[in-house]
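Analysis of the macromolecular model
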Amino acid sequence: MSRGFQGRPRRSDVRLPPGQYLTEDFPVLSAGPTPRVPQDRWEFTISTETGTRHTWTWQQLVALPAEEPTVDLHCVTKWSKLDTSWRGVSLDVLFADVESAADFTMIHSYGGYTTNLPLEDLLDGQAWLVHSYDGDDLPAEHGGPVRLLVPHLYLWKSAKWVRGIEMLAEDEPGFWESVGYHDYGDPWREQRYQGD
Amino acid sequence: MATLRERRAESPSAVTLAFDVPGWPGHLAGQHVDVRLTAEDGYRAQRSYSIASAPGGEGLELTVQRVDDGEVSPYLTDALEAGDPVELRGPVGGWFVWRPGDPSPVLLVGGGSGIVPLMAMVRTRRASGATAPFRLVYSVRTPADRLYVPELPGATVLYTRTAPPGEPRAPGRLTRADLAAVPPSDCFVCGPTGFVEAAADLLVDLGHDPARIRTERFGPTGG
């Protein structure tokens with residue numbers, strides 16, 4: 001116990017994962033400079049273990065049926081932001097014609113960032129490629145023109161500046177996962193670091 | 001579990017806290033720890049703080065900037081007393097780190113309390129006798145906001161609001177000229193989000209390899 005520590009007033013109406021605190025603004029966290037990718041040069045590719053490539057341009061992406069998820073964000077650096085509004089395309093739509101027996105994926109971003117996810121966490125309405133935030137184009141510092149959104153895992157899994165998904169038969173660690181962060185990253189089980 | 005050994009004021013709003021941590025495994029310059037506080041009713045709050053000290057001995061130092069409406073930092077800077085226990089988790093982070101065996105030139109760019117992990121790098125270089133060339137550009141609002149003054153005689157200090165008497169550079173934000181004429185280096189940039197975005201963009205613009213620019217940002221909601 002921390003002698004004399006009281007903390008902020010408890011809010012019984014908000015349910016947060018363990019160890020998280022509520023923030024109203026939108027902090028930025030990334031490992032390097034913000035890549036600047038114009039919409040007309042952005043491209044997204046799903047590549048399977050057999051080498052088949054499925055590619056979308058910006059125009060093709062925004063022409064797909066869109067959804068407007070409102071979700072809670074949980075960052076491993078402890079902040080949570082509730083009820084954020086996005087617009088984008090469900091990965092169920094993008095994977096509809098992809099044939100693969102692989103169970104794992106590596107997400108690749110412009111700028112070289114990577115993060116790994118099981119395929120099942122990207123499907124069934126759990127993940128989107130989003131291009132709008134709060135009614136506007138997604139700003140570059142928050143991952144624009146397009147980022148991945150996988151809100152049931154810590155936010156580092158929601159790769160910014162996303163450019164592709166590589167299907168993998170075996171799980172491999174991505175960028176943060178290879179420097180001490182948890183392989184899966186479930187905020188409700190507080191899987192922040194390796195060994196959690 | 002850590003025990004506060006001593007506290008030192010670094011500026012009117014920042015305090016260095018030296019902790020004894022039995023069994024501390026050591027750390028790399030640039031890593032951080034999670035500090036976890038527990039209230040009487042079991043409520044817990046945790047935040048990450050960069051380690052300021054070089055590795056060595058069973059302990060470490062944090063420098064904590066007081067965030068006036070923060071939940072954790074005012075407790076650490078105002079209420080925590082020598083002998084008090086604190087729950088620490090770490091060291092954490094394997095990307096924003098400098099290793100003394102690396103001979104590459106290094107450029108450190110710090111804004112405000114973003115100097116803390118960079119100070120750990122400067123101290124680690126000094127303690128290890130490493131000879132990699134280091135250059136430090138340190139941006140603060142006013143002279144009173146400077147941390148670690150006696151230890152950073154060679155730093156280029158930029159003042160954004162108020163400069164000390166005799167300072168030739170007019171107060172203002174970091175510009176391209178402030179970062180010019182730096183040879184290719186491993187760049188470490190740490191500070192508030194706006195500062196890091198601006199500094200990293202300038203470095204890319206000046207021709208630095210984006211893959212050699214490592215950033216660590218903190219938002220205004222820290223604390």
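The following refers to the structure shown. Along each chain, the written sequence defines residue order, and numbers are assigned to residues from 1. All chains are assigned letters beginning with A, and all ligands numbers beginning with 1, in the order in which they are written. Since the coordinates come from a predicted model, pLDDT governs what is reported: local features require at least 70, and pairs of side-chain atoms require 80 or more to be given and counted, while whole-chain, interface and lining totals use all residues.

1. A short note on the sheet that holds strand β7 (residues 114-118) of chain A
Residue and element names in this part refer to chain A. Strands are treated as partners if at least two bridges between them are detected by DSSP. The way it works is that DSSP assigns letters per residue, a run of H or I at least four long becomes a helix, a run of E at least two long becomes a strand, and they are numbered from the N terminus. Here five strands make up an open sheet; going across it, the order is β3-β2-β11-β6-β7 and the pairing mixed. With one partner strand each, in any of the chains shown, β3 (53-57) and β7 form the two edges of the open sheet. Between one strand and the next, the sheet's axes are offset by a mean angle of 15°, whatever the strand orientation. The sheet contact formed by strand β2 (residues 43-47) and strand β11 (residues 162-168) spans three bridges and is parallel. For T45, the partnering residue across the bridge sits in β11 and is G164. Here an angle of 0 to 180 degrees is reported between the N-to-C directions of two axes, which are lines fitted to C-alpha atoms, with helices fitted over the stretch in contact.

2. With respect to the pairing of strand β4 (residues 44-50) of chain B
Residue and element names in this part refer to chain B. Inspection of the sheet shows strand β3 (residues 32-38) paired to β4 by seven bridges, in the antiparallel sense. Counted as the bridge partner of H32 is S50 from β4. Taking the residues that link successive antiparallel strands as the turn, the β3-β4 hairpin has five residues, and the phi of G42 there is positive, at about 95°.

3. Looking at unusual backbone geometry
In this structure, the amide linkage connecting A:G144 to the following residue, A:P145, adopts the cis form with an omega of 15°. Of note, A:P145 is situated in the loop between β9 (136-137) and β10 (147-149). Cis geometry is found at the peptide bond from B:G90 to B:P91, where omega equals 0°. Within the fold, B:P91 resides in strand β6 (residues 85-92). Not every positive phi belongs to a glycine, and A:D83 is a case in point at roughly 55°. For A:D83, the position within the fold is in strand β5 (residues 79-90). Classification of A:D83 as exposed rests on a count of 8 C-beta atoms within 10 Å. For the exposure call, what matters is how many other C-beta atoms sit within 10 Å of a residue's own: 20 or more marks it buried, 12 or fewer exposed, and in between partly exposed, using C-beta atoms placed from the backbone.

By themselves, these figures tell us nothing about what the structure is for.
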